[in-house]
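# Report on the structure
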Amino acid sequence: MTKISKVMIVACGVLEPEVRHYTRDASHVVDMEFLPIGLHENPPLLQQELQRVIDRAEANPAVETIVLVYGLCGRGVENLRHTRCPLVIARAHDCVTLFLGDKDRYADHQKKHPGNYWYNPGWIRDKASPGPEREAHLRKQYEEKFEEEDVAFLLESDREALAHYDRATYVGLDVGDTAADEDYTKTCAACQGWGFERIPGDPALLMALLHGPWDEERFLIVPPHHVIRMTADDSIIRAERESEDS
């Protein structure tokens, strides 16, 4: 499918600098909105926020197509309702594929290195990646919501969840201070007792998502009155007609 002339971009904040960089002076972009990075940890809330922005986009007659700069993200993109504008989304499990530029490249690396933890500029900015700042960052968040006993339990659970990783891999698109991001990833790897690897990023997939054209191999175009569904194969997602009682 060729690109639609007027689009609204709805993106995760993890890719905000890259999206802004690759759409500078792009006349076909009517509007864009960036949602908080951590929403992928709560897929129902991510779905709720995406629906809010989609509703806003569909109320704007200038918007013809809504581009979602997301992956499947814990299935948070499923069941999004839209009645006028088609949705376009990359066939990707998460944002790492958008940095790597190819879902098969992502799958191949995960198969070869199952203990790999990905680092990219957005996660580093948010201080969410495992490293010297993570526990203090999480503690501050937890202490605002929970009692100290619960905070201790949650922090220990986080340590246990990271126990099977053994490698920190940095991937970026050369937007921003790449050298500083790489150095920080090396510091995090040393802090965790992991190995370090840098993989060159590839902006081709993100560029095509933002500007088109949208081929079926790399992208899913979801017509109005259809929803996104996860698949059990390497296509990752498919479009399904809305059920009348849903």
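Residues numbered from 1 in each chain as written. Predicted model: local features only at pLDDT ≥ 70, side-chain atom pairs only at ≥ 80, totals over all residues. Heavy atoms only, no water.

### Section: the overall build of the protein
In terms of regular secondary structure, the protein is built from nine helices and ten strands. At 19 Å, the protein has a C-alpha radius of gyration in line with the 18 Å of a compact globule built from 246 residues. C-alpha extents for the protein along the principal axes are approximately 50 × 40 × 35 Å. Taking all 246 residues of the protein together, the buried fraction comes to 48%. Sequence separation of 24 or more characterises 64% of the internal contacts of the protein that already satisfy a separation of 6 or more. Accessible surface, the protein: about 12000 Å² in total, of which carbon and sulfur atoms supply 50%. If the 28 positive side-chain charges of the protein are averaged to one point and the 44 negative ones to another, these points end up 4 Å apart. (Helix = DSSP H or I, 4+ residues; strand = E, 2+ residues; numbered from the N terminus. Rg over C-alpha atoms; globule rule 2.2 N^0.38 Å. Buried < 20%, exposed > 50% of the residue type's maximum accessible area, 1.4 Å probe, protein only. Contact = heavy atoms within 4.5 Å. Areas by Shrake-Rupley, 256 points an atom, 1.4 Å probe, with all protein chains shown as cover. Lys, Arg positive; Asp, Glu negative; His and termini not counted. Charge placed at Lys NZ, Arg CZ, Asp CG, Glu CD.)

### Considering helix 6 (residues 134–143)
Regarding helix 6, the residues found buried are Arg134, Leu138 and Tyr142. What you see down the axis of helix 6 is that its buried residues fit within an arc of 55°, all on one side. Facing away from the buried side of helix 6 by more than 90 degrees, the exposed set consists of Ala136 and Lys140. Elements in contact with the buried residues of helix 6: strand 5 (116–119) and helix 7 (148–161). (Arc of directions from axis to C-beta.)

### Here's the deal with the pairing of strand 4 (residues 87–90)
Going residue by residue along strand 4, you find Leu87 and Ile89 tucked away on one face and Val88 and Ala90 tucked away on the opposite face as well. Of the pairings in the sheet, the one linking strand 4 to strand 8 (residues 219–222) comprises four bridges and is antiparallel in character. What sits directly across from Ala90, in strand 8, is Phe219. (Pairing = 2+ DSSP bridges.)

### Describing the pairing of strand 9 (residues 226–230)
Alignment of strand 9 against strand 10 (residues 237–241), held across five bridges, turns out to be antiparallel. Residue pairing for strand 10: Val227 is matched across the bridge by Glu240. Hairpin geometry of strand 9 and strand 10 is characterised by an intervening segment of six residues between the two adjacent antiparallel strands and by a positive phi of about 75° at Ile236.

### Observations concerning unusual backbone geometry
Across the junction of Gly212 and Pro213, the peptide omega takes the value -5°, indicating a cis bond. The topology assignment puts Pro213 in the loop between helix 9 (204–211) and strand 8. One non-glycine residue, Cys73, adopts positive backbone phi at about 50°. With respect to the secondary-structure elements, Cys73 resides in the loop between strand 3 (65–69) and strand 4. Of the residues examined, Cys73 reaches a relative accessible area of 12% and is grouped as buried. If you check the backbone angles, Asn79 has positive phi at about 65° while not being a glycine. For Asn79, the location among the structural elements is in the loop between strand 3 and strand 4. Looking at Asn79, the relative accessible area reads 29%, which means it is partly exposed.

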